[in-house]
Amino acid sequence: MSVLHAVGILAAGVAAGAINAVVGSGTLVTFPVLLALGYPAKVANVSNTIGLVPGSAAGAVGYRRELTGQRTRALRLGAFTTVGAIGGAALLLVLPAAAFKRIVVVFIVIALVLIMFQPWLSRWLTRARAHGQERHSAGVLGTAAVFVTGIYGGYFGAAQGILLLAILSLSIDDDLQRINALKVVLAGLANLVAGVVFVIAAHVAWGAAGLIAAGSIVGGLLGARWGRLLRPSALRLVILGVGIFAIVRLVG
């Protein structure tokens, strides 16, 4: 690995950690970078998943004030996320590489659509929560949906945070920043669980994973602290660009 490649991966890790803390689509930065540097798609996904775990933990630390009083909620939803992530990681290991590339293209397209429509989605969620009954737990449907996002997160995970934010906002009546903090924990847990599976059973590019980990720690702390100062429109355009690049790499 050249010095230039190492710097590129480290910078991508910083960006991904910050984006995951604020929005939840950091994989759409680091995954295309690894593809561009010649890593096979499955190896890139596995190494990226492991590398982003410390950044998620850093983001959770940054949101520790918003997480106060959410222990029971986090443990319950975390259990379903864990089971789902194990299933998603197992699917990644079992399905052939060609199938992974086709499936991930669909996932990236869905993620990009969600990111582009996030302002409308946020306004719709705000109206829905304002007219709904007060709910302090996710309920059966919300919990089932969190379980599904756990599967998705274990398999690939780009924009898992956006899906979680939508599900939790509709299922639980609470301050949006507290819901976002819970989202960071659940998405990070899916990464952690899948990462453990991958360490045991998959090929990991440890150099790349280590650089992403180092960068994502810095990014996670910065994102939790300063992320609200970013211009959302600029961030969405950047993510759109790297997502399109990833699709081109995968289908090319």
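Residues numbered from 1 in each chain as written. Predicted model: local features only at pLDDT ≥ 70, side-chain atom pairs only at ≥ 80, totals over all residues. Heavy atoms only, no water.

Visitor: I keep staring at the environment of Pro54 and nothing clicks. Help me out?
Guide: Along the chain, the position of Pro54 falls in helix α3 (residues 41-62). The sequence separation of Pro54 and Ile212 amounts to 158 residues, and the corresponding C-alpha distance is 9.1 Å. (Helix = DSSP H or I, 4+ residues; strand = E, 2+ residues; numbered from the N terminus.)

Visitor: Please clarify how the packing of aromatic side chains should be interpreted in this entry.
Guide: Within a pair of aromatic rings, the relevant descriptors are the distance that separates the centres and the angle that separates the planes. One pass over the full model with this rule turns up 3 aromatic pairs. Look at Phe100 and Tyr155: their rings are 5.7 Å apart centre to centre, the planes differ by 50 degrees, and that puts the pair in the tilted class. Within this pair, whereas Phe100 is found in helix α6 (residues 97-116), its partner Tyr155 is found in helix α8 (residues 139-155), the two being separated by 55 residues in sequence. On the accessibility criterion, Phe100 (0% relative accessible area) is buried. Measuring from centroid to centroid gives 6.4 Å for Phe100 and Phe156, while their planes differ by 70 degrees, and the two rings are edge-to-face. Note that Phe100 is positioned in helix α6 and Phe156 in the loop between α8 and α9 (160-171), a separation of 56 residues in sequence. The exposure classification of Phe100 matches that of Phe156, with both residues buried. An aromatic cluster of three or more residues is present, and its members are Phe31, Phe100, Tyr155 and Phe156. (Phe/Tyr/Trp six-rings, centres within 6.5 Å; stacked < 30°, edge-to-face > 60°. Buried < 20%, exposed > 50% of the residue type's maximum accessible area, 1.4 Å probe, protein only.)

Visitor: Help me understand the nonpolar core in this model?
Guide: Residues Tyr39, Phe100 and Phe156 are the most contacted members of the largest nonpolar core, which totals 35 residues. Contributions of two or more residues to this core are made by α1 (3-22), α2 (27-36), α3, α5 (71-94), α6, α8, α10 (176-201) and α11 (206-226). Leaving out residues up to four positions away in the same chain, Phe156 has contacts with Thr27, Phe31, Asn45, Phe100, Val104, Phe107 and Ile108. Leu164, Leu165, Leu168 and Ile179 belong to the second largest nonpolar core, which has 12 residues in total. (Core = buried A, V, L, I, M, F, W, Y, C linked by side-chain atoms within 4.5 Å. Contact = heavy atoms within 4.5 Å.)

Visitor: What exactly am I supposed to notice about the packing of α1 against α10 here?
Guide: Each packed pair of helices is defined by two parameters, the angle between the axes and the distance between the axes. α10 packs onto α1 with a crossing angle of 130 degrees between their chain directions and a minimal axis gap of 8 Å. With respect to their mutual orientation, α1 and α10 come out oblique. Across from Asn20, Ala21 and Val22 in α1, the residues of α10 making contact are Asn180, Lys183 and Val184. Residue classes in the contact of α1 with α10 are distributed as 3 nonpolar, 2 polar and 1 charged. (Axes fitted to C-alpha atoms, helices over the stretch in contact; angles between N-to-C directions. Parallel < 35°, antiparallel > 145°, perpendicular 65-115°, else oblique. Nonpolar A, V, L, I, M, F, W, Y, C, P; charged D, E, K, R; others polar.)

Visitor: Is there a simple way to explain the pattern of salt bridges in this structure?
Guide: Where charged atoms from two side chains of opposite charge come close, those side chains can pair. Here the structure, examined in full by the defined rule, presents 1 salt bridge. In this structure, Arg65 engages Glu66 in a salt bridge whose closest nitrogen and oxygen atoms are separated by 4.0 Å. Arg65 gets classed as exposed once you look at its relative accessible area, which sits at 68%. Here Glu66 falls in the buried class, since its relative accessible area comes to 12%. (Salt bridge = Lys/Arg side-chain N within 4 Å of Asp/Glu carboxyl O.)

Visitor: For this particular structure, what's the right way to read the confidence of the model for the protein?
Guide: In low-pLDDT regions, the fine details of the predicted coordinates are not to be read closely. Summing up the model confidence of the protein, the mean pLDDT is 82 and the portion of residues at 70 or higher is 84%. Mean pLDDT across the elements of the protein ranges from a minimum in helix α7 (residues 118-131), with 66, to a maximum in α5, with 93. (pLDDT = per-residue confidence, 0-100.)

Visitor: What exactly am I supposed to notice about the environment of Val53 here?
Guide: Relative to the elements of secondary structure, Val53 occurs in helix α3. You can call Val53 buried: its relative accessible area is 19%. Residues Val53 and Ala209, 156 residues apart in the sequence, show an inter-C-alpha distance of 9.8 Å. Apart from residues lying up to four places away in sequence, Val53 is in contact with Asn191 and Leu192.

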